[in-house]
Amino acid sequence: MDSEKIFHAAVKALLFCRGKFLLIERGEGARDRAGLMEMPGGRMEFGETPEDALRREVREETGVHPLEILTVLFAWTYFPRENEQTVGVTYLCRTDDPSVTLSAEHSRYAWIDETELNLHRVIDMVRTDLTHIDWAGIRKMYDL
């Protein structure tokens, strides 16, 4: 007998403020990958638009509000277990306030630029996605 298939939709924010972007570290109570850095975001709830879910998740995890959503950067998929899949969209976002108030799910944060990525323990999939970005192009196009 096949195990039940589980599917989630998720959103993430590559969130810029004053030329740097935000990474947050998954706390000890995380479902998986505790101690690794990621971009803020999470699962969508039924009935939410992706943009509403992104604003809610970023506010819940970091306290950042308001959030300016600039564009979709890329889509991704993740299989945490054989019978489970998450499909997500990562948005390029901006805020004017670097103040962060972490949720209980996260243990620390860092505002970094792309040259500092290797100084942090980042989830492999996130690191791969971030290394494929045209940093000069998005910085110029969105004045980051």
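For the structure, check the block above.
Right, let's walk through the structure included here. Nothing here was measured: the structure is a model prediction, and the numbers come from that model.

Here is what the cut-offs are and how they apply
Residues numbered from 1 in each chain as written. Predicted model: local features only at pLDDT ≥ 70, side-chain atom pairs only at ≥ 80, totals over all residues. Heavy atoms only, no water. Helix = DSSP H or I, 4+ residues; strand = E, 2+ residues; numbered from the N terminus. Expected span 1.5 Å × (residues − 1). Buried < 20%, exposed > 50% of the residue type's maximum accessible area, 1.4 Å probe, protein only. Contact = heavy atoms within 4.5 Å. Phe/Tyr/Trp six-rings, centres within 6.5 Å; stacked < 30°, edge-to-face > 60°. Pairing = 2+ DSSP bridges. Polar contact = N/O pair within 3.5 Å; in protein donor to acceptor, adjacent residues only side chain to side chain. Core = buried A, V, L, I, M, F, W, Y, C linked by side-chain atoms within 4.5 Å.

Some words on helix 1 (residues 50–62)
Working step 1: With 13 residues, helix 1 ought to run about 18 Å at 1.5 Å a step, and its terminal C-alpha atoms sit 18 Å apart, in line with that.
Working step 2: Turning to helix 1, its buried residues number three or more, namely Ala53, Leu54, Arg56, Glu57, Val58, Glu61 and Thr62.
Working step 3: Turning to helix 1, the residues buried within the fold contact strand 1 (6–17), strand 2 (20–26), strand 4 (41–43), strand 5 (68–81), strand 6 (84–94) and strand 7 (106–112).
Working step 4: Once helix 1 ends, the next one or two residues include glycine 63, with phi positive near 80°.

Points about the packing of aromatic side chains
Working step 1: Scanning all chains against the criterion turns up 3 aromatic pairs.
Working step 2: With 5.8 Å between their ring centres and 55° between their planes, phenylalanine 16 and phenylalanine 21 make a pair best called tilted. The pair phenylalanine 16 / phenylalanine 21 is uniform in exposure class, with both members buried.
Working step 3: Grouped by ring-pair contacts, the aromatic residues Phe16, Phe21 and Trp135 constitute a single cluster.

Some words on the pairing of strand 6
Working step 1: In this sheet, strand 6 lies alongside strand 1 in parallel orientation, the contact comprising 11 bridges. For leucine 15, the partnering residue across the bridge sits in strand 6 and is cysteine 93.
Working step 2: Strand direction decides the pairing type here: strand 5 and strand 6, joined by 10 bridges, are antiparallel. Each residue of the ladder has a partner; that of tryptophan 76, found in strand 6, is glycine 88.
Working step 3: In sequence, strand 5 turns back onto strand 6 through a hairpin of 2 residues.

So, the side chain of serine 103
Working step 1: Residue position: serine 103 is located in the loop between strand 6 and strand 7.
Working step 2: Not counting the four nearest positions on each side in its chain, serine 103 is found in contact with Glu60 and Glu61.

Some details on unusual backbone geometry
Working step 1: In this model, histidine 65 is joined to proline 66 through a cis peptide bond whose omega is 5°.
Working step 2: Examined against the element boundaries, proline 66 turns out to sit in the loop between helix 1 and strand 5.
Working step 3: For arginine 18, which is not glycine, the phi dihedral falls at a positive 55°.
Working step 4: As for its position among the elements, arginine 18 is in the loop between strand 1 and strand 2.
Working step 5: You can call arginine 18 exposed: its relative accessible area is 70%.

Here we look at the side chain of threonine 62
Working step 1: Mapped onto the elements of the fold, threonine 62 is located in helix 1.
Working step 2: Accessibility expressed as a relative area gives 0% for threonine 62, which makes it buried.
Working step 3: Here the side chain of threonine 62 touches valine 64 through a polar contact of 3.1 Å, landing on its backbone nitrogen.
Working step 4: Those residues in contact with threonine 62, other than ones at most four positions away along the chain, are Leu22, Ile24, Pro40, Ser99, Val100 and Thr101.

A look at the nonpolar core
Working step 1: Counting residues in hydrophobic clusters, the biggest one holds 24 residues, and the most contacted among them are Leu14, Leu130 and Ile138.
Working step 2: Looking at this core, the elements with two or more residues in it are strand 1, strand 2, strand 5, strand 7, helix 2 (124–131) and helix 3 (135–142).
Working step 3: Aside from chain neighbours lying at most four places away, what touches leucine 130 is Leu14, Phe21, Met39, Leu117 and Trp135.
Working step 4: Counting 15 residues, the second-largest nonpolar core is a separate cluster that includes Val11, Ala13, Ile24 and Leu67.

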